Amino acid sequence: MKPLTIIAYTGAAAGLAALGVAMAKTNPSQVEYEEYAVQRLTKYLKTDVCKKTTNFIENLIRFNCDKLVDSANPQIQEIIARTTERQNYIIFSIYRTDLKINSWIPSYKFETVGAFDQFYTYTAEKE
């Protein structure tokens, strides 16, 4: 092999190793995912549930809907913690949340990847 090729391969290997170390150090934890999921779910409830209610009774409930959602954050985080499974691959994690509260409320399934201290939800299905 030529010396230039050896240097290029060595540099590429060092770069990949550095990337792997950086990813391992920035792999978000389960608690960070729970905080992310609570924020996303709270935003969804406030924009899609509280603001889009149409009948008279729901309009009465909507008056305090945002406050109700905010006050329920600890319970929401507890539900998410109970219904989430984390698969840790050292350099990234996959979180699967099966959000089912009871038979009266529709259940949802979320799949999220966490890497570089960020989350990307790639599947969100209503069941």
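Residues numbered from 1 in each chain as written. Predicted model: local features only at pLDDT ≥ 70, side-chain atom pairs only at ≥ 80, totals over all residues. Heavy atoms only, no water.

As recorded in an unreviewed UniProt entry, the protein chain goes by the name DUF4359 domain-containing protein, listed as coming from Nostoc flagelliforme FACHB-838.

Visitor: I tried to follow the environment of Ala124 on my own but got confused; where do I start?
Guide: You can see Ala124 is positioned in strand 4 (residues 118-126). Sequence separation between Ala124 and Asp98 is 26 residues; the distance between their C-alpha atoms is 10.0 Å. When near neighbours in sequence (up to four residues on either side) are disregarded, Ala124 contacts Lys109 and Phe110. (Helix = DSSP H or I, 4+ residues; strand = E, 2+ residues; numbered from the N terminus. Contact = heavy atoms within 4.5 Å.)

Visitor: In this structure, what is going on with the packing of aromatic side chains? I would like to understand it.
Guide: Within a pair of aromatic rings, the relevant descriptors are the distance that separates the centres and the angle that separates the planes. Evaluation of the coordinates by the stated rule reveals 8 aromatic pairs. Geometrically, the ring pair formed by Tyr36 and Phe119 is stacked, given 4.8 Å between the ring centres and 25° between the ring planes. Placement of the pair is Tyr36 in helix 2 (residues 30-50) and Phe119 in strand 4, with a sequence separation of 83 residues. For the pair shown, Tyr36 and Phe119 are each scored as buried. Summarising the aromatic geometry, the rings of Tyr44 and Tyr108 are spaced 6.5 Å apart at their centres and angled 65° between planes, so their arrangement reads as edge-to-face. Separated by 64 residues along the polypeptide, Tyr44 in helix 2 and Tyr108 in strand 3 (residues 108-115) bring together distant segments of the chain. (Phe/Tyr/Trp six-rings, centres within 6.5 Å; stacked < 30°, edge-to-face > 60°. Buried < 20%, exposed > 50% of the residue type's maximum accessible area, 1.4 Å probe, protein only.)

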